[in-house]
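So the chains spell out like this:
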Amino acid sequence: MALVRPEDWRPRDIEDLEPDAWRALRQHGSACVVAGPGAGKTEFLAQRAAFLLETGLCPAPFRILAISFKSDAADNLAARVRKRCSPELSHRFTSLTFDAFTKSLVDRFLTAIPTDWRPSRPYEIAFPNFRQVTGFLQDALFAAPNPQKAEVAALSAGDFESHYVGAYRLPFVRAPAQSGTELTIQRWWSSQLGTQPRSSITFVSLNRLAELLLRASPHIRRALQLTYPFVFVDEFQDTTYAQYDFLLSAFQGADVAITAVGDDKQRIMTWAGARADAFERFEADFAAVRIPLLFNFRSSPDLVRIQRVVARALDPNAAATVAQAARLVDGDVAQVWNSPTKAREADHLGRWLANDMVARGRAPRDYAILVKQKSDDFEADLAEPFARAGLRLRNESHALGRTTLQDLLTDTFSKLAVALLRLGSTRRAAAAWQLPSAALLEIRAIAEGDDNGEARTEDELTIFVAALRADMANTPPSVASAQAFADRIYAFLNLAAVARTYNEYSTGDLLAIMADAFRLHLAASANGAQTWSVALDVFEGVGQIPLMTVHKSKGLEYDTIVFVGLDDQAWWAHRPGNPEGLATFFVALSRAKQRAIFAFCRERGQRQRVAELFQLLTDAGVREIAI
């Protein structure tokens, strides 16, 4: 295709970019793009990818690497680039999560990892819980030499791996530990690498192994740099010690332009090891130019004004953002609701939501219930009152085996399996055909241009769907039939072939985790459903109001958010001026496009620890309403 001169290039599928976005888009070297809520970070990255590819600034065979923190964010960015660029260009855009990318390097070059740290092939993916880490630290304390016991005893299960293992740069050869902390870190590695019959490695450890691999193998590092002269990193404020070290070892000093996009005011992952100084380090280590994006395309002007009050509590020098969205509601855009009891709060909220949907012509998915933690407890309080109001609540932070509902629904295999069930449940599911049709060609390893193979695979899918449709029509939904149909989908796809096809499943037990979660959720969705179409609607959350933690809401937006549980009990660890607490509050507020409601219930707890949050709302002119 003909290339466009950089000075003639125009944005794809949007009218224009804000002036600073144009500057960031055309930046030759590395850039630190500070983009607040609603700034259109994903759209900016998609436009920059199109600019680099269509102008030939990233010529073939070079590629662009985009690293995100969530799989749905990586998929969303890749889909936007495919929509804006021709296939011959978009196939040179690689969009992965940080964990998927580092894992792919470890899997491909495992034998190049120094022997002292090399896991078995294959290895398992480990997801240790708090109790297991606590047990490990207790054993480490018992085994530690007396002079080091006090140091080991001070280690906490809550942040041991994220802050200590993640920050520990592995030497090429294991040397005697110089401290109690280092001794415990080495024991942690031994417990993972020496697990029988195969190593059991966490994603934090995979990040560290990938970084060690690049330091130990300069030729692999150089090949990586030559392949990807342009790198995007989304949500940069959440970059952990291990991940930042990986970027440093992979790209520092090379002719690689890194575009790091994020917002310090939304740093709510320090508990998971996010560096507090990621932006400052990046600017210094990569000579990156800081460019702020000031437009907010999500929230109405009145909400942006309220957000500005909270933003300046986090950073007194925060630049004022400019609202680009129109206000579409009458009356207050934000309120504090003060209820005496949980029952009164739940009844009022259910009735208010039902009435508002009718009055404004909105759907349940236009609203979200946000909580600080323990979403299951809030679901127990709200589900029945919501049902009386004709509403159904969906707890997207609910655990399903070793994953959560939200993670299941963004999983590649889950999307494929539910698409097949959609085809089986109705004859009018043309939109569901494209995904399994394309995926099956990959899973069956049909080469591009193999017309016979494509026809054979299409026939295979047609025959399977016809049989599935007949059997689903004659089998009512139930827990047992749901599990049986899930197993039938698994057998048709061939889980071993799925694992070989998709890199995220190539080692470890992630596919098994998702398959188990899929079976559990499908069975629960089918239980009591009148038809399979209804069961699949329940599975995917059609017509349901999402309930989730603030952490799970990152990157999402809703017409109206209701933050339930703004009290000392839910915010038990908050201290006045705590940056992460203020950032969590800011993230919750900034998910809203038109309205934000904060619900305080006196039965749940007091409001002394969180008094500053209420004061910020008062300073912003938010009214408090007695319920």
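Residues numbered from 1 in each chain as written. Predicted model: local features only at pLDDT ≥ 70, side-chain atom pairs only at ≥ 80, totals over all residues. Heavy atoms only, no water.

### Concerning the sheet that holds strand β7 (residues 257-262)
Here is step 1 of the chain: Strand order in the open sheet made by the six strands is β3-β2-β6-β7-β1-β8, with parallel pairing throughout. Only two strands of the sheet have a single neighbouring strand rather than two, namely β3 (93-97) and β8 (289-293). If you compare each strand with its neighbour and ignore which way they point, the axes differ by 15° on average.
Here is step 2 of the chain: Examined bridge by bridge, strand β6 (residues 230-233) and β7 share four bridges and lie parallel to one another. Paired with Phe232 across the strands is Thr259, a residue of β7. (Pairing = 2+ DSSP bridges. Helix = DSSP H or I, 4+ residues; strand = E, 2+ residues; numbered from the N terminus. Axes fitted to C-alpha atoms, helices over the stretch in contact; angles between N-to-C directions.)

### Remarks on the packing of helix α5 (residues 98-108) against helix α10 (residues 203-216)
Here is step 1 of the chain: Where α5 contacts α10, the axes come no closer than 8 Å and their chain directions differ by 55°. The orientation of α5 with respect to α10, classified from their angle, is oblique. Where α5 crosses over α10, the handedness of that crossing is left-handed. Listed contacts from α10 to Phe98, Asp99, Thr102, Lys103, Leu105 and Val106 of α5 are Phe203, Leu206, Asn207, Leu209, Ala210 and Leu213.
Here is step 2 of the chain: Residues that form the contact of α5 with α10 fall into these classes: eight nonpolar, two polar and two charged. (Parallel < 35°, antiparallel > 145°, perpendicular 65-115°, else oblique. Left-handed = near helix turned anticlockwise from the far one by under 90°. Contact = heavy atoms within 4.5 Å. Nonpolar A, V, L, I, M, F, W, Y, C, P; charged D, E, K, R; others polar.)

### A short note on the nonpolar core
As a rule of thumb, soluble globular proteins bury nonpolar side chains together.
Here is step 1 of the chain: Ranked by size, the top nonpolar core spans 54 residues in total, and within it Phe160, Val231, Phe236, Phe251 and Phe282 carry the most contacts.
Here is step 2 of the chain: With seven residues, α10 is the largest single contributor of residues to this core.
Here is step 3 of the chain: Formed jointly, this core draws a minimum of three residues from each of two domains, domain 1 (19-103 + 211-301) and domain 2 (116-204).
Here is step 4 of the chain: Setting aside chain neighbours within four positions, we find Phe251 in contact with Leu65, Arg221, Leu224, Gln225, Tyr228, Val231, Val256, Ile258 and Phe286.
Here is step 5 of the chain: One finds Leu416, Leu493, Ala499 and Tyr505 within the second-largest nonpolar core, a separate group that totals 45 residues. (Core = buried A, V, L, I, M, F, W, Y, C linked by side-chain atoms within 4.5 Å. Buried < 20%, exposed > 50% of the residue type's maximum accessible area, 1.4 Å probe, protein only. Domains from an automatic or database assignment.)

### Structural notes on the environment of Val309
Here is step 1 of the chain: Structurally, Val309 is set in helix α14 (residues 301-314).
Here is step 2 of the chain: Look at Val309 and you get partly exposed, because its relative accessible area is 26%.
Here is step 3 of the chain: Along the chain, Val309 and Leu616 lie 307 residues apart, while their C-alpha atoms are 6.8 Å from each other.
Here is step 4 of the chain: The residues touching Val309, leaving out its near neighbours within four places in the chain, are Leu616, Asp619 and Ala620.

### Quick notes on the UniProt feature "binding site: ATP" (unreviewed entry) in the chain
Here is step 1 of the chain: According to UniProt, the positions carrying the feature "binding site: ATP" (unreviewed entry) are Ala35, Gly36, Pro37, Gly38, Ala39, Gly40, Lys41 and Thr42.
Here is step 2 of the chain: Leave out the neighbours within four places in its chain, and Gly38 touches Phe295, Asn296, Phe297 and Arg298.
Here is step 3 of the chain: Note on placement: Lys41 falls in helix α2 (residues 41-54).
Here is step 4 of the chain: The residues touching Lys41, leaving out its near neighbours within four places in the chain, are Ala35, Gly36, Asp234, Glu235, Val261, Gly262 and Gln266. (UniProt positions renumbered as here; feature names shortened; annotations may be inferred.)

### Quick look at the pairing of strand β18 (residues 592-601)
Here is step 1 of the chain: With nine of 10 residues buried, β18 lies mostly within the body of the structure.
Here is step 2 of the chain: As judged from the six bridges shared by strand β11 (residues 334-339) and β18, these two strands associate in the parallel manner. Residue pairing across strands places Gln335 opposite Ile597, the latter belonging to β18.
Here is step 3 of the chain: In this structure, strand β17 (residues 558-564) lies alongside β18, joined through six bridges in parallel fashion. Bridge pairing in β18 places Thr560 opposite Arg595.
Here is step 4 of the chain: Tracing the backbone out of β17, into helix α26 (residues 579-590) and back to the parallel element β18 gives a crossover that is right-handed. (Right-handed = clockwise from strand over helix to strand, strands pointing away.)

### Description of the UniProt feature "domain: UvrD-like helicase ATP-binding" (unreviewed entry) in the chain
Here is step 1 of the chain: The positions that UniProt labels "domain: UvrD-like helicase ATP-binding" (unreviewed entry) are, in the present scheme, residues 14-300.
Here is step 2 of the chain: End C-alpha atoms of residues 14-300 are separated by 20 Å, and the span's content is 46% helix alongside 13% strand.

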